[in-house]
Amino acid sequence: MYPQIRIHLSLLSFSIILVAGIALFLGVYKFNDSIISIIYNTFKNRTAIDSSDFYVLFELRLPRIIMAILVGSGLAVAGTCLQGIFKNPLASPDLIGITSGSTLFAAITIVLGSYIKSFIPEIIHFSLLSLMAFIGAMCSTIFVYKISSHHSKTNVTILLLAGVAISALCGSATGLLTYLSTEEELRNLTFWTLGSVASANWDKIIILGIITIISFFFLLKKGKILNAMMLGEKEAEHLGINVEKTKKQIIIFSALLVGTIVSFCGTIGFVGLIVPYILRLVFKSNYVIILPLSAFLGAILVIIADTISRTLVAPSEIPIGILTSLMGAPVFISILPLVHY
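Residues numbered from 1 in each chain as written. Predicted model: local features only at pLDDT ≥ 70, side-chain atom pairs only at ≥ 80, totals over all residues. Heavy atoms only, no water.

1. Overview of the overall build of the protein
In step 1: Assigned secondary structure in the protein consists of 14 helices and two strands.
In step 2: For 341 residues, the compact-globule estimate of 2.2 N^0.38 gives 20 Å, and the C-alpha radius of gyration of the protein, at 21 Å, lies within 12% of that figure.
In step 3: In terms of its C-alpha atoms, the protein occupies a principal-axis envelope of roughly 65 × 55 × 35 Å.
In step 4: Counting only contacts in the protein whose residues sit at least 6 apart along the sequence, the fraction spanning at least 24 positions is 77%.
In step 5: Taken as a whole, the protein presents about 16,600 Å² of accessible surface, with 70% of it coming from carbon and sulfur.
In step 6: When the 22 basic and 16 acidic side-chain charges of the protein are each reduced to a single mean position, those positions are 12 Å apart. (Helix = DSSP H or I, 4+ residues; strand = E, 2+ residues; numbered from the N terminus. Rg over C-alpha atoms; globule rule 2.2 N^0.38 Å. Contact = heavy atoms within 4.5 Å. Areas by Shrake-Rupley, 256 points an atom, 1.4 Å probe, with all protein chains shown as cover. Lys, Arg positive; Asp, Glu negative; His and termini not counted. Charge placed at Lys NZ, Arg CZ, Asp CG, Glu CD.)

Structure, rendered in structure tokens:
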């Protein structure tokens, strides 16, 4: 690992701890005791903690902050990897149909859920929306991948075009379901598509945490390979790199990661697009550096966005997807003339 990576990782790690700590103290609820005392008594004298304080801190705020870290890092790393294999700084999970497929299946669940639930076990009714959104993300990704693969070779250009086509198809189907929905269903669908980490709990954190660790194990090691692929696929193959295996792994684990995030939190845009863009301004297209750093910067971005979302108009909450778009779009526009891929 380059010495400069260690320095930047240390700074970003400290920034995450600082931002997460500030987020833990901010909120509508006023604790009866200090947060530091609550955390201390959790390990020393649990009976001394007010039950409401304990619930808000450990069942609401802390899971929400941890979920924001996982969501931000996952979206940023997936976006960085996809930009690498497409050799396109505008590439994002949206382009290969991950988000649109997830949104379509979520719309099906919200609008037609009363019919679907009669055919499935009652035990999964509560998690049906997340499950269906994840299935939608994976189905659309597999379909796009199959279209773009021929004789065990994946054509990146066809993959991109197929993703755009599937996204348009899923978008039209989602629009039809939106038209057929009732007022309550329309409201639920709208809020889901705007994204939120408000539903975070320890069960979801464990699931997303395991998937994030597995995905990062494969994705974060692709820095040197992505650097080589910048020269061209044939040149990378001459260097002894299995290009097809790399593309398959990146697509599969990016879809798995983003599909899980979208199924739990809805669509949160611009994170996977803007984070690698910012890092590329400093480190150019050196993926050995920007891949690990994107995980940290993405986490910081989503923590900040979530903290603003629940404090700006308290006690109401602004959907986090609105804030990430508001934060990302101006930055994207301002740096666009400065970026040389």
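2. A look at the packing of helix H3 (residues 51-86) against helix H11 (residues 243-265)
In step 1: Following both chains from N to C, one finds H3 and H11 inclined at 145°, their axes separated by 9 Å at the closest point. As for how H3 packs across H11, the hand of that crossing is left-handed. Along its contact with H3, which presents Met67, Leu70, Val71, Gly74, Leu75, Ala78, Cys81, Leu82 and Ile85, the element H11 presents Ile250, Ile251, Ser254, Leu257, Val258, Ile261 and Cys265.
In step 2: Residues that form the contact of H3 with H11 fall into these classes: 14 nonpolar, two polar and no charged. (Axes fitted to C-alpha atoms, helices over the stretch in contact; angles between N-to-C directions. Left-handed = near helix turned anticlockwise from the far one by under 90°. Nonpolar A, V, L, I, M, F, W, Y, C, P; charged D, E, K, R; others polar.)

3. Overview of a nonpolar patch on the surface
In step 1: A cluster of nonpolar residues, Phe14, Leu18, Ile22 and Leu26, forms a patch on the protein surface that exposes about 380 Å² of accessible area.
In step 2: Within the element layout of this structure, Leu18 appears in helix H1 (residues 3-25). (Patch = residues over 30% accessible without salt bridge, like charges linked within 9 Å, V, L, I, M, F, W, Y side chains within 5 Å. Salt bridge = Lys/Arg side-chain N within 4 Å of Asp/Glu carboxyl O.)

4. Section: the nonpolar core
In step 1: Of all hydrophobic cores here, the largest spans 99 residues; its most connected members are Met67, Val71, Ile85, Phe86 and Val271.
In step 2: Take this core: its biggest share by element is 17 residues, from H3. (Core = buried A, V, L, I, M, F, W, Y, C linked by side-chain atoms within 4.5 Å. Buried < 20%, exposed > 50% of the residue type's maximum accessible area, 1.4 Å probe, protein only.)

5. Topic: the packing of helix H4 (residues 98-116) against helix H7 (residues 183-194)
In step 1: As a packed pair, H4 and H7 sit with axes 10 Å apart at the nearest point and diverge in direction by 155°. In this view, H4 runs roughly antiparallel relative to H7, as classed from their interaxial angle. Of the two possible hands of crossing, H4 and H7 adopt the one that is right-handed. Across the interface between the two elements, Ser102, Thr103, Ala106, Ala107, Ile110 and Val111 of H4 pack against Glu185, Asn188, Leu189, Trp192 and Thr193 of H7.
In step 2: By residue class, the composition of the contact of H4 with H7 is six nonpolar, four polar and one charged. (Parallel < 35°, antiparallel > 145°, perpendicular 65-115°, else oblique.)

6. Regarding helix H5 (residues 128-148)
In step 1: Between the first and last C-alpha of H5 there are 30 Å, a value that for 21 residues agrees with the 30 Å anticipated at 1.5 Å per step.
In step 2: Burial in H5 covers these residues: Leu128, Ser130, Met132, Ala133, Gly136, Ala137, Met138, Ser140, Thr141, Val144, Tyr145 and Ser148.
In step 3: In this structure, the buried side of H5 is in contact with H4, strand E1 (149-150), strand E2 (153-154), helix H6 (156-180), H7 and H11. (Expected span 1.5 Å × (residues − 1).)

7. Considerations on the side chain of Ser263
In step 1: With respect to the element layout, Ser263 can be found in helix H11.
In step 2: Residue class for Ser263 comes out buried when judged on its relative accessible area of 3%.
In step 3: Apart from residues lying up to four places away in sequence, Ser263 is in contact with Ser102, Ser130, Ala133, Phe134 and Trp192.

In short, the description is geometric, and any link to function would need to be established separately.
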